[in-house]
Amino acid sequence: MRGLYIHIPFCKQKCHYCHFVSKTDLSLIDSYTDALVEELKSYRSYMNSIVTLYIGGGTPSLLSCSQLEKIVNQIDFEKIEEFTIEVNPESVTEEKLMCYRKLGVNRISMGVQTTDDKQLKLIGRLHNYSDVVEKFKLIRKMGFDNVNLDLIYGLPEQSEQSLQLDIDRIMDLSPEHISTYSLMYEEGTFLDSLRIDGIVKAATDEIDRKFFQLIQKQLEIKNYKRYEISNFSKKGFESNHNLLYWSAKEYIGAGVSAHGYLERYRYENESDIQTYIQRMSEGKSAVVYREFIDDKEEIFEYIMLNLRKSDGFAISEFNNKFNLDFYVEYYNEIDYLVSNNAVSIENGRIFLTNYGFDVSNSVYGKFLR
Amino acid sequence: MDKRQNRIRNFSIIAHIDHGKSTLADRLIEETGMLTDREMKDQILDNMDLERERGITIKLQTTQLLYNAADGVEYILNLIDTPGHVDFTYEVSRSLAACEGAVLVVDATQGVEAQTLANVYLADTQGLEIIPVLNKIDLPSARPDEIKHEIEETIGIIADDAPMISAKEGLNIGAVLERIVERVPAPSGDRDKPLKVLIFDSFYDSYKGAVALVRVFDGTIKKGDKIKMMAANKNFEVSEVGLFSPMMIPTKELSAGDVGYVTASIKNVKDCRVGDTITNAQNPTAVAFPGYKKATPMVYCGIYPAEGEHYDDIRDALEKLQLNDAALSFEPETSVALGFGFRCGFLGLLHLEIIQERLDREYDLDLIATSPSVIYRVTKTDGSVLMVQNPTNLPEKTQIDIIEEPIVKADIIVPSEYVGNIMELCQYRRGIMDHMRYIDEKRVILTYDMPLNEVIYDFFDALKSKTRGYGSLDYEFKEYRVSDLVRLDVLINKEVIDAFSMIVHESKAVSRGKQVCDRLKDAIPRQMFLIPIQASIGNKVIARENIKAMRKDVLAKCYGGDISRKKKLLEKQKEGKKKMRQFGNVEVPQSAFLSVLKFDDSK
């Protein structure tokens, strides 16, 4: 049981907050597609274990149907239950959606980020709110019944009213799944240089948490469940692919700068597109970094990843998997975290409280040996 | 007296800090051609990285120069560099004991400063020939005639024919060398008499063991000689003798008048004490040198291992540093908060900082230093007297009859426009003016009686800051005086952290308490719960701050499965935490300890 992630590193324009690998030179897409095909061939022996497929970016909806088809043809669909593709409101079309259906896509993830057109412009998005509504309706019309919308909060100068409007508008669309991220000022991004120059101001921790709580409260009223630190879904619409990550399961990463976890190795691919294409054409591996996950690392990753999920993990499962006694190993940490209301233990499962999610890095840090 | 001995000149360079002592030393080396250009790094004698960074000399450095003088004779000049900071007066006196002369460098733009006076006084006491030199003569603001006059007036030595040089530009360096040859007497002493050698400094070499820097007064010493350390009463066999160029160069022997080094596989640092006399074990000299007065530490603080460091490693490092630095003292102590550590004595706050940095850099030790303290004399109600240098050991208030604190006589030289600022500063620091004297129309010497605990606590920084760097300071112990002192305790999360306790004057307790709470509030990272920071005297809380509970520490995205990145981030955080100390549930970074000590401009 494995996942497969494929990275499409092309965008018409880079968003100002984005620090993923992406290129605006779209002329490389064809040769990139060929390179991906080569890389996927090298994973042939794993193909029959793939249960989820996720094509992310970048902007996968920039690929033409034939380009996408070339890639997808390398994949064995026998066991795949979930096939997600990320799209942008400005580049997804009826024709492409039709193609997605034909190729077996059953889940669409669309980047909305905010519904305030002024803010969309500020963060470098090319669409506006009316595109979102139009494309969402189109997605529905084409028969997709499992749709995720991405929402970013804590945008520069975002007011509570403006966030409320975002929430109301997204609730009106009623997607099955909502991913919501706090805006990060990543080093080297355009937005971060604006922050350094004092042109935009980052939201305070207080505002950030207040906004999140506002989102959480209203989503829960509408029967969305927070099943992971930044993901909400209606019942039965959790993202299986992402759940694989958070259950410390294996996945293949293909494409530029993709990450994977196979046979106890975490690895990272070449991050320069041209170098990647060249390596593939020369029959070389795309992997530039590998790290063996020993027992100690595996235990820590298990805790860190599983605690991202709202239902955490069953202590008995931990004990069986690692042949340890969780309470004996971590009584100090558990005592500290429970007494500060950062984790709860109920029915044999340990999981983060709402406060624990707010300070999750500090919680994971406690388990680091 | 043999002919070679007549050609030896042993001298030091003394100066106020920044007057160009080390630069002149470099030029002398260059001028006599002892080093090739490639070997000639800037300020070669300041060979500790730390010294070069701070632009100050701490350790003594020694080098031999061969100089062909105008009279056609080649002279052997032994230069012993001296430190320039007020904390290191003791080291200056040690190097002067090995010399017959001293070159006094005075900045021709600044004139006589507090340590110029202090150093001249030391050289004079040793009976050295003092050669004044005016440096920085190339600067437009140089005032050579006024400064010469100033030297004659304030120091009382004739300066009208003093060489006018620029060490930086290499101007007139030859004149200094000529003056040394002419004025500094050749060393007396007899190579045929029993061996009598003074250890004026030492350091530890991992291959050679303890290396003694020596001045031979009588006799000769060579490899294979059986020697005796007279004060330590230990015998050794000499494994090597040599001179400094400034690198160590082995020679056949050292004889009367020479300056150089001796090694003898001395493993125990205590057997190679500065001030001790080396003599020949079979043919000893009758009388040893009186030895130096033991340097008296003025400032104490606790030094403790940070999380994960070993107590024994710190002891080893301190022992090695002590060999280099006779003024450093230490003894084991225990803190409730910090566990096992050492109470260390220092000459002053700079000395303390230097040692801390050396432990960090040269020995790679993570340390925590407690608030510095002076030694208080406490008379208890039962009449017994105890000396307290650790605030934790201050008896209960009810058991104390009187507390006395050390008072120093502080000489402060400042340009006259800053006199007001400095009088205000000294008054705030509980100083009492003794007198004030104009050196000339522009500069003033202020003499104050000041409590030492006010001086060690960032006074020097404050003085520099309030005089735009022009103020200079020298101080010496004067007496103990009765004072209204109390112990200020600091509580983190309601627990007293003994490492933060300090003894302060009653009138300062509240403001100091507020300041400490405020700084700790900023220095301690937020945790998952609210942390009260309190300052108290006895049971009475006099200041309080809260560290609010952490609101957010989250990095939600996993970047398309980039779990390694996230893990690295957490590991980095964890690495940072290693530098923290755990008090109950509260993690306190090392920087918190230092932040409590730093100078606050607003005061």
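Visitor: Any details on the overall build of chain A? Residues and values, ideally.
Guide: Looking only at helices and strands, chain A has 15 helices and 15 strands in total. Contacts in chain A between residues at least 24 apart in sequence constitute 68% of all its contacts with a sequence separation of at least 6.

Visitor: Which residues make up the pairing of strand E2 (residues 61-68) of chain B, and what are the values?
Guide: Residue and element names in this part refer to chain B. Among the eight residues that make up E2, six are buried, leaving the element largely enclosed by the rest of the structure. Sheet analysis places E2 next to strand E3 (residues 74-81), joined by eight bridges and oriented antiparallel. Residue glutamine 61 lies in a different strand from E3, and its bridge partner there is aspartate 81.

Visitor: Can you explain the packing of aromatic side chains? Please cite residues and give values.
Guide: Residue and element names in this part refer to chain A. This model, assessed by the stated rule, comprises 29 aromatic pairs over all chains. One aromatic cluster is present, formed by Tyr302, Phe313, Phe318, Phe322, Phe326, Tyr327, Tyr330 and Phe367 through successive ring pairs. Looking at arginine 169, its charged tip hangs above the ring of tyrosine 129, at a distance of 3.9 Å from the centre. Here lysine 366 stacks its cationic end above the ring of tyrosine 336, 3.9 Å away from the centre of that ring.

Visitor: Which residues make up the nonpolar core, and what are the values?
Guide: Counting 74 residues, the largest nonpolar core has Phe326 and Val363 of chain A as its most contacted members. Discounting residues that sit within four places of it in the chain, valine 363 of chain A has contacts with Leu307, Leu337, Ala342, Val343, Leu352 and Gly356 of chain A together with Met528 of chain B. Core analysis: the next-biggest nonpolar cluster, separate from the first, contains 69 residues, Ile85, Ile108, Tyr153 and Phe212 of chain A among them.

Visitor: An account of the environment of aspartate 172 of chain A is needed here, citing residue identities and associated values.
Guide: For aspartate 172 of chain A, the location among the structural elements is in helix H6 (residues 160-173). A sequence separation of 39 residues divides aspartate 172 of chain A from valine 133 of chain A, and the C-alpha atoms of the two residues are 9.7 Å apart.

Visitor: Please set out the interface of chain A and chain B residue by residue, giving values where relevant.
Guide: Taken residue by residue, the interface counts 42 residues in chain A and 31 residues in chain B. Of the roughly 3500 Å² buried between chain A and chain B, counting both surfaces, carbon and sulfur atoms make up 55%. Together, Tyr336, Asn361 and Leu368 of chain A form the three largest contributors to the area buried by chain A at its contact with chain B, with a combined 18%. Joining chain A to chain B, the criterion identifies seven salt bridges. The interface formed by chain A and chain B includes 12 residue pairs in polar contact (both at pLDDT 80 or more). Considering every element that reaches the side of chain A that touches chain B, the biggest residue donor is helix H15 (residues 360-367) of chain A, with seven residues. Looking at the side of chain A that touches chain B, its residues break down into 20 nonpolar, 10 polar and 12 charged.

Visitor: Lay out the pairing of strand E32 (residues 586-589) of chain B with the relevant residues and their values.
Guide: Residue and element names in this part refer to chain B. Residues Val586 and Val588 point to one face of E32 and Glu587 and Pro589 to the other, with burial holding for every one of them. Relative to E32, strand E31 (residues 580-583) is paired through four bridges, and the arrangement is antiparallel. Bridging from a neighbouring strand, glutamine 582 pairs with glutamate 587 of E32. From the end of E31 to the start of E32, which pair antiparallel, there are two residues, and glycine 584 there has a positive phi angle of about 60°.

Visitor: Could you give an account of the environment of phenylalanine 342 of chain B, naming the residues involved and the relevant values?
Guide: All names here are of chain B. With respect to the helices and strands, the residue phenylalanine 342 is situated in strand E18 (residues 339-346). With 12 residues separating them along the chain, phenylalanine 342 and phenylalanine 330 place their C-alpha atoms 6.1 Å apart. Apart from residues lying up to four places away in sequence, phenylalanine 342 is in contact with Cys301, Gly302, Ile303, Tyr311, Ile314, Arg315, Leu318, Phe330, Glu331, Pro332 and Glu333.

Visitor: How would you summarise the sheet that holds strand E19 (residues 367-369) of chain B if you had to cite specific residues and measurements?
Guide: All names here are of chain B. Spatially, four strands are ordered E17-E18-E16-E19 in an open sheet, and the strand pairing comes out antiparallel. Each end of this open sheet is capped by a strand with a single partner; those strands are strand E17 (329-335) and E19. Between one strand axis and the next, the sheet turns by 30° as a mean value, whatever way the strands run. Where E17 lies against E18, seven bridges are found, and the strand directions are antiparallel. Within E18, the residue paired with threonine 334 across the bridge is phenylalanine 340.

Visitor: Tell me about the confidence of the model for chain B, and name the residues and values.
Guide: All names here are of chain B. Put simply, chain B has an average pLDDT of 85, and 90% of its residues get 70 or more. The low-confidence segment residues 42-46 (pLDDT under 50) makes 25 contacts with residues lying over four places distant or belonging to another chain. Across residues 54-58, where pLDDT falls below 50, the model places 23 contacts with residues more than four positions away in sequence or in other chains. As a predicted assembly, this complex carries a pTM of 0.67 together with an ipTM value of 0.79.

Visitor: Residue-level account of unusual backbone geometry, with values.
Guide: Look at the link from glycine 57 of chain A to glycine 58 of chain A: it is a cis peptide, with omega at 15°. Relative to the assigned elements, glycine 58 of chain A resides in the loop between strand E2 (50-57) and helix H2 (65-72). Even without being a glycine, asparagine 233 of chain B presents a positive backbone phi close to 55°. When you line up the elements, asparagine 233 of chain B lands in the loop between strand E9 (226-229) and strand E10 (234-237). For asparagine 233 of chain B, a relative accessible area of 52% gives the class exposed.

Cut-offs and rules
Residues numbered from 1 in each chain as written. Chains lettered and ligands numbered in written order. Predicted model: local features only at pLDDT ≥ 70, side-chain atom pairs only at ≥ 80, totals over all residues. Heavy atoms only, no water. Helix = DSSP H or I, 4+ residues; strand = E, 2+ residues; numbered from the N terminus. Contact = heavy atoms within 4.5 Å. Buried < 20%, exposed > 50% of the residue type's maximum accessible area, 1.4 Å probe, protein only. Pairing = 2+ DSSP bridges. Phe/Tyr/Trp six-rings, centres within 6.5 Å; stacked < 30°, edge-to-face > 60°. Lys NZ or Arg CZ within 6 Å of the ring centre and 35° of its normal. Core = buried A, V, L, I, M, F, W, Y, C linked by side-chain atoms within 4.5 Å. Buried area = accessible area lost by both parts, 1.4 Å probe. Salt bridge = Lys/Arg side-chain N within 4 Å of Asp/Glu carboxyl O. Polar contact = N/O pair within 3.5 Å; in protein donor to acceptor, adjacent residues only side chain to side chain. Nonpolar A, V, L, I, M, F, W, Y, C, P; charged D, E, K, R; others polar. Axes fitted to C-alpha atoms, helices over the stretch in contact; angles between N-to-C directions. pLDDT = per-residue confidence, 0-100.

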